Each structure stands twice: as structure tokens, then as C-alpha cells.
Amino acid sequence: MRDVVEIGLSKSARRGYHLDDIAIVPTRRTRDVDDVSTNWQLDAYPFKIPCVAHPSDATMSPATAVALGKLGGLGVLNVEGLWTRYADPTKILEELSDLDDEAPATQRLQEVYAEPIKPELIVERVKEIRDGGVTVAVRVSPQHTLALAPVILDAGVDLLVIQGTLVSAEHVSTTDEPLNLKEFIADLDLPVIVGGCTNYQTALHLMRTGAAGVIVGIGADEWSTTDRVLGIRVPMATAIADAADARRDYLDETGGRYVHIIADGNIQTSGDIAKALGCGADAVMVGEPLSRSETAPAGGAWWHSAASHPKLPRGSFGSAEPTLGSLEKVLYGPSEDPDGALNLFGGLRRAMAKCGYRDLKEFQKVGLILDK
């Protein structure tokens, strides 16, 4: 039975749970860590780890997308970011890495992102990633999908990520032609990941568009201001579990079509990754932790894509933090950090081993308990 709380005589609300509110419960069996697989496959594309990079310019350049791909994850380049607005944005990124005052930083983000997107740079960046020999994935917002899709598709991407703060399959507009996701995806010959969403109904509707993956969450972390600006915040553990229920119903509805759930919201440690997968996610979208690698484009600074919105920014600028080591060290260790900020997916493997599970699909069955 759903945990419903009465707010007042005319309004009630479900109780939701963050990842910090839950813990994993080991079973009677443990397993050798070398016998555990973190392999994940989306459509025809296999990955060593269930890691999708958050498409922030703070973490993803063509070079870091290639590096992450070679290490077994999926790099996603933002085609509305600095790398498609400037021929060489490295000096801008260096400037941003030196900013430390939030208000001027937000204004500066708005200024540098005011430069128009150049279609020829989209083609060039996609080629750079493809030449690196990895799966090519790019992110575009729903608002710009119809305008930029011809360029993106002609450039030859493998995966398309249509991501906004919140995305629905039934966007209504009386002023512009809305993006019909179902028609758009049906016309494509490549897998599409869409999101974010925060509840069962929206997740189910997005699955019915034909998407290969659905992003669950709004990227909320300590730097996201979506809750303060829009009043929207859905705890991640609850959002993932609701979407997993939608996936099960869609699987029955279609006679076996499986849609992957990618959790995007305050994934900071290896424990967060394990708990997100335990709630039912297939993969996680990692953002800020990747900004701490020594090759991150912004040198340790961090911001969400929505932080540069020209009219209503929904993210604070995080000034540069000391780097923790190479990208490989962030993902696979070795770690000198006792709090799970390094060796993110080595930590996941060990959690799976401690609970006795061989692979990610099995691990979704792990027991959970409320510990707060």
C-alpha cells in the first residue's frame, strides 16, 4: 500500500525516498569479486560499466568522451554546448575554471553560451569522437531536436540522447509545433534515450514512444536549483522504483520489449550507484564525480546544462575542486578515499559480490531497507 500523508484537508501526498534514505541488504550468499560482471548493453552497443556521462561541458569534450568510451562507459557530448559554439573553447573553459563567485559565474555562463551553435562544428565533433573508435552519443534538448536533428543524423551518431529537465511524450504548445517523440523516434534507424522523468506515468509514456532508454531524475545534486526555481524535486529512490514498475508493465504490454532506465540525480559515490541499480536502474548518469578527474575540460569546476539558461538558470556554478586523479582512477581505482568518491565501479562490483549477485540484472533483485 502506498505511503500517503495528509498535508491538509484538501491535499495529500506520497512519501518519497532519496538514495540516502535506503540501504542494501545482503543475502545469505556472497561471491568472489572476480566472478562479478558489470557489463551493460544498450541495443547493439556493449559497455563494461553501466556509466553514462552527464552531458556537461565541465566533464565532456570530444577527447573525454573518447577516453570514457575506451574505459568502458558511454560519453555523451552536448551538441548545444561550448564545443559546437566555438572552434576552440579551451580558453573559455580555463576562464570558467578560475571563477569562484556564484552570481558573476552564472552571468558569465549565460554570456559564453549566447554564441550561436554552428552546424559545421557538430559534424566536426562527431567525427572526432568516431575517429576515437568508440560509441558516438550526443545530447540535444527537446526544444532544439527538430532543428538540429538533420545535422546530427547526417554526422553519423550511434545513439541520440534527447534530454531536458523534464520531458513528456505529450508536450502541448499553442505557439510552436511540438516535438512528437513517437513519430520522431519511429522514423529513426538508431536507438534514442529520452528524459528526464520522475514518475510511473511519464516513464511509461516515454517507453511507448519507442525509446531504447529513459532517463529518470532531473539531475538533482547540491548544485541543481530546480527545486528552488521550479519547486520540482522527486526523491531518486522512489522515482527509479516507479519507473522500474512502468518498465515491467511495458514489458508485459509489448510481449518482451525491454527499455533501459538510466538514473540521473545526485550520483556521487559508488554506494549511490549500487543503490540506484538496486532500486531498478540499468545504468547511472554520472556528472560531478567525472569533473574531479585530472583531464576534465573545466579543471574541476562543475555546472549543469540548465545553469546557463538565458532566462531562468536552474543550477549553481561549482567552483573548481582539486582533482582526484585520472579518469581511470575515478572509475576503477585504486582509491585513497574512504568515502566512495574514487573507484566508483570497483565499489559497485564489490557491493554486488557482497550480496552474491553475478550481474546487473540479478542485482536489481537485491533487498532494500529504510535506514532513516
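Refer to the preceding data block for the structure.
Every residue gets a number counted from 1 within its own chain, in the order that chain's sequence is written. Totals for whole chains, interfaces and linings use every residue, but because this is a predicted model, local features are given only for residues with pLDDT of at least 70 and side-chain atom pairs only at 80 or more, for both listing and counting. Only hydrogens and water are set aside; all other atoms, that is, all heavy atoms of the structure, feed into the side-chain values.

Visitor: Teacher, can you tell me more about helix 1 (residues 62-70) here?
Guide: Given 3.6 residues per helical turn, the α-helix brings residues three or four places apart onto the same face. Burial classes follow relative accessibility: with a 1.4 Å probe on protein chains only, a residue under 20% of its type's maximum area counts as buried, one over 50% as exposed, and anything between as partly exposed. Helix and strand definitions follow DSSP, with helices as H or I runs of at least four residues and strands as E runs of at least two, each counted in order from the N terminus. If you check which residues of helix 1 are buried, you get Pro62, Thr64, Ala65, Val66 and Leu68. Downstream of helix 1 by one or two residues, glycine 72 has phi in the positive range, about 105°.

Visitor: Just to check I follow, could you spell out a negative patch on the surface for this structure?
Guide: A contiguous patch of negative charge on the surface is contributed by Asp88, Glu94, Asp98 and Asp100. Along the chain, aspartate 88 turns up in the loop between strand 7 (76-78) and helix 2 (90-97). Patch membership is restricted to residues that have no salt bridge and whose relative accessible area is over 30%. Joining uses 9 Å for like charges and 5 Å for the nonpolar side chains Val, Leu, Ile, Met, Phe, Trp and Tyr. Method for areas: the Shrake-Rupley scheme with a 1.4 Å probe, in which residue coverage is limited to the protein chains shown. When a carboxyl oxygen of Asp or Glu is within 4 Å of a side-chain nitrogen of Lys or Arg, the pair counts as a salt bridge. Counting rule for charge: Lys and Arg are taken as positive, Asp and Glu as negative, and neither His nor the chain ends is counted. Charge positions come from single atoms, namely NZ of Lys, CZ of Arg, CG of Asp or CD of Glu.

Visitor: What am I meant to see in the environment of isoleucine 261 here?
Guide: If you trace the backbone, isoleucine 261 turns up in strand 12 (residues 260-263). With 30 residues separating them along the chain, isoleucine 261 and serine 291 place their C-alpha atoms 23 Å apart. Whether two residues are in contact is decided by their heavy atoms, any of which lying within 4.5 Å being enough. If sequence neighbours within four positions are ignored, isoleucine 261 has contacts with Met207, Val214, Val216, Ile240, Ala243, Ala244, Arg247, Gly280, Ala281, Asp282 and Ala283.

Visitor: Sorry if this is basic, but what is going on with the side chain of arginine 247 here?
Guide: Within the element layout of this structure, arginine 247 appears in helix 9 (residues 236-254). Overall, the relative accessible area of 8% leaves arginine 247 in the buried class. In contact with arginine 247, not counting residues within four places along its chain, are Met207, Tyr258, Val259, Ile261, Gly280, Asp282 and Gln364.

Visitor: Explain empty space enclosed by the protein to me, please; I cannot follow it from the model alone.
Guide: Once rolled over the atoms, a probe with the size of a water molecule shows which space is left empty. Of the grid points, spaced at 1 Å and generated over the protein atoms alone, those admitting a 1.4 Å probe that cannot get out make up cavities, while open sets with protein on both sides within 12 Å along at least five of seven lines make up pockets; any residue with an atom within 4 Å of a point is treated as lining. Grid points are joined across faces, edges and corners, and a volume is the space filled by probe spheres set on the points. Counted by the stated rule, this structure contains 2 cavities of 30 Å³ or more. When its volume is computed, the largest cavity comes out at roughly 80 Å³. Lining the largest cavity are 16 residues, and of these Asp221, Asn266, Ile267, Met285 and Gly287 sit closest to its centre. Those elements giving two or more residues to the lining of the largest cavity turn out to be strand 13 (283-286) and helix 11 (288-291). Each residue receives one of three labels: charged for Asp, Glu, Lys and Arg, nonpolar for Ala, Val, Leu, Ile, Met, Phe, Trp, Tyr, Cys and Pro, and polar for the others, Gly being one of them. Considering only residue class, the lining of the largest cavity consists of 6 nonpolar, 7 polar and 3 charged. For the second largest cavity, the full set of lining residues is Thr59, Met60, Thr64, Leu290, Ser293, Thr295, Ala296 and Leu327. Split by residue class, the lining of the second largest cavity holds 4 nonpolar, 4 polar and no charged.

Visitor: How should the packing of helix 1 against helix 4 (residues 119-131) be read in this particular structure?
Guide: Helix-helix packing: each pair is described by the crossing angle between the helix axes and the interaxial distance. It is the contact of helix 1 with helix 4, at a shortest axis distance of 9 Å, that shows an interaxial angle of 30°. What the angle tells us is that helix 1 and helix 4 run roughly parallel. For helix 1 against helix 4, the interelement crossing comes out right-handed. For the pair helix 1 and helix 4, the contacting residues are Pro62, Ala65 and Val66 in the first and Arg125, Glu128 and Ile129 in the second. Axis definition: a line fitted to C-alpha atoms, limited for helices to the stretch in contact. Angles are taken between N-to-C directions and run from 0 to 180 degrees. Here is the rule for angles: anything less than 35 degrees is roughly parallel, anything more than 145 is roughly antiparallel, 65 through 115 is roughly perpendicular, and the remaining ranges are oblique. Two helices that cross are described as forming a left-handed crossing if the nearer one is turned anticlockwise from the farther one by less than a right angle, and a right-handed crossing if clockwise.

Visitor: I tried to follow the pattern of salt bridges on my own but got confused; where do I start?
Guide: Within the structure shown, the criterion is met by 16 salt bridges. In this structure, arginine 139 engages glutamate 80 in a salt bridge whose closest nitrogen and oxygen atoms are separated by 4.0 Å. Taken as a pair, arginine 139 in strand 8 (residues 137-140) and glutamate 80 in the loop between strand 7 and helix 2 lie far apart in primary sequence, 59 residues in all. Pair check on accessibility: arginine 139 and glutamate 80 agree, each one buried. Taking the shortest distance from any N to any O, the salt bridge between glutamate 128 and arginine 125 comes out at 2.9 Å. Residue glutamate 128 and its partner arginine 125 are both found in helix 4; the two are separated by 3 residues, about one turn of the helix. We classify glutamate 128 as partly exposed; its relative accessible area is 33%. Salt bridges linked by common partners bring Glu95, Arg108 and Glu111 together as one network.

Visitor: Would you mind going over the layout of surface pockets with me for this structure?
Guide: Within this model, the second largest pocket holds a volume of roughly 330 Å³. As for the second largest pocket, its lining consists of 18 residues, of which His18, Ala220, Asp221, Arg233 and Asn266 are closest to the centre. The class makeup of the residues in the lining of the second largest pocket is 6 nonpolar, 4 polar and 8 charged.

Visitor: Teacher, can you tell me more about helix 9 here?
Guide: Each helix should span, by expectation, one fewer than its residue count multiplied by 1.5 Å. For helix 9, spanning 19 residues, the distance from its first C-alpha to its last is 26 Å, which sits close to the expected 27 Å at 1.5 Å a residue. Of all the residues in helix 9, the buried ones are Met236, Ala237, Thr238, Ala239, Ile240, Asp242, Ala243, Ala244, Ala246, Arg247 and Tyr250. Of the surrounding elements, those touching the buried residues of helix 9 are strand 2 (11-14), strand 3 (22-25), helix 7 (200-207), strand 11 (213-216), strand 12 and helix 10 (270-278). The first or second residue beyond helix 9 is glycine 255, which carries a positive phi of 75°.

Visitor: Could you clarify how one ought to interpret the state of the cysteines in this entry?
Guide: Cysteine sulfur atoms are paired as a disulfide whenever they fall within 2.5 Å. This structure, assessed with the given rule, holds 0 disulfides. The thiol of cysteine 197 is not disulfide-bonded; the next cysteine sulfur, from cysteine 279, is found 14 Å away.

Visitor: For this particular structure, what's the right way to read the nonpolar core?
Guide: A general feature of soluble globular proteins is that nonpolar side chains tend to end up buried together. Nine residue types can take part in a nonpolar core, namely buried Ala, Val, Leu, Ile, Met, Phe, Trp, Tyr and Cys, and a core is a set of them joined through side-chain atoms within 4.5 Å. In terms of nonpolar packing, the biggest core is built from 113 residues, with Leu160, Trp303 and Phe345 touching the most fellow members. For this core, the element with the highest residue contribution is helix 9, accounting for 8 residues. Leave out the neighbours within four places in its chain, and phenylalanine 345 touches Thr38, Ile49, Pro50, Cys51, Ile273, Val284, Val286 and Leu331.

Visitor: Even after reading the chapter, I still don't get the sheet that holds strand 6 (residues 51-53), so can you show me in this structure?
Guide: Sheets are built from strands paired through backbone hydrogen bonds, the pairs being either parallel or antiparallel. Strand pairing requires that DSSP identify at least two bridges connecting the strands. An order of 6-13-12-11-10-9-8-7 is seen for the 8 strands of this open sheet, with the pairing classed as parallel. The sheet is open, and its two edges are formed by strand 6 and strand 7, each paired on a single side. The sheet shows a mean angle of 30° between the axes of neighbouring strands, direction not considered. Note that strand 12 and strand 13 share 2 bridges and pair parallel. Looking at strand 13, one finds that alanine 263 is bridged to valine 284. Packed onto the sheet, helix 9 meets strand 11 and strand 12 and runs at close to 170° relative to strand 12.

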